[in-house]
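# Overview (structure and organization)
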Amino acid sequence: MTAPRLLLAALLLCTAALGLSACTPVDEDPTVAAAGEFDDGDDDGDGADGPTVALVSPAAAACTTAAERPGHRVLQVVTVARDQLTARPTRFVCGPDIPDDGYYEPTGSPARYTFAATATATLVDLEHAEPARPVPVPELVDHLDDCLADREPEPPYGCYGSDYDVVLDSRGRIMRIGELYHP
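These numbers were taken from a predicted model, which means no experiment stands behind them. Think of each chain on its own: its residues are numbered from 1, step by step along the sequence as written. It should be noted that, the model being predicted, local features are given only for residues of pLDDT at least 70 and side-chain atom pairs only at 80 or more, the latter also being counted only at that level, while totals for whole chains, interfaces and linings use all residues. To obtain the side-chain values, all non-hydrogen atoms of the structure were included, while hydrogens and water were left out.

Our next topic: the overall build of the chain. Under the DSSP-based scheme used, a helix requires at least four consecutive residues in state H or I and a strand at least two consecutive residues in state E, with every element numbered from the N terminus. Summing up its helical and strand segments, the chain has three helices and nine strands in all. Listing every helix and strand of the chain by position from the N terminus yields α-β-β-α-β-β-β-β-β-α-β-β. Categorising residues by exposure relies on relative accessible area from a 1.4 Å probe, with only protein chains included: less than 20% of the type maximum marks a residue as buried, more than 50% marks it as exposed, and the intermediate range marks it as partly exposed. Put simply, the chain has 183 residues, and 36% of those count as buried. A separation of at least 24 residues holds for 53% of the contacts in the chain among residues at least 6 apart in sequence. To measure how exposed things are, a 1.4 Å probe is used in the Shrake-Rupley method; for residues, cover is taken only from the protein chains shown. Accessible area for the chain stands at about 10,600 Å²; split by element, carbon and sulfur atoms hold 54% of it. Residue contacts are defined here by distance: any two heavy atoms, one from each residue, within 4.5 Å place the two residues in contact.

This paragraph deals with the environment of E154. Note on placement: E154 falls in the loop between α3 (137–148) and β8 (163–168). The spacing of E154 and E139 is 15 residues in sequence and 9.5 Å in space, taken between C-alpha atoms.

So, about the pattern of salt bridges. In what follows, salt bridge is the name for a side-chain nitrogen of Lys or Arg lying within 4 Å of a carboxyl oxygen of Asp or Glu. Per the stated rule, a full pass over the model turns up six salt bridges. Of the charged contacts, one joins R151 and D145 as a salt bridge, the two residues approaching to 3.0 Å between their closest N and O atoms. Residue classification places D145 among the partly exposed positions, given a relative accessible area of 37%. Within this structure, D145, D146 and R151 form a network of salt bridges that share partners.

Written out as structure tokens, the structure reads:
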């Protein structure tokens, strides 16, 4: 493998190791380091520097390293009840309709997920310029119920789709659930 390809492979591995992902309200937003160009420095006087390789843009890196984080799943909620929800698993798809960006696409059949007794929840609060705000699970359930029924939820919250970032315990119960916002 040539030096530029080795460097590109190392950059992609390092980017993945840093855990860059789609922003979710459960954790803080990741910081994406700016990527530039690489010149292999082959200034041996023959006038033929090595190839210049444009590295992945920050937006493309955020998309392609994306959305999956260890221990997290993104579910597309279909129905909700006080102690459970029904949701479809998703996979993250980059572009092609939206360059350097992506979306969650549902896969598989809906499954039932119950809330653990100690479950925590967050909702996006754009009105107060806060990416997420902790709320009691019953408040999240009411919010989801309103959004799924195309009703306006209680202020300051809005409906931003039905994709939610979740962390499950070893028994498959929801331990953490956070609303995802995507402009």
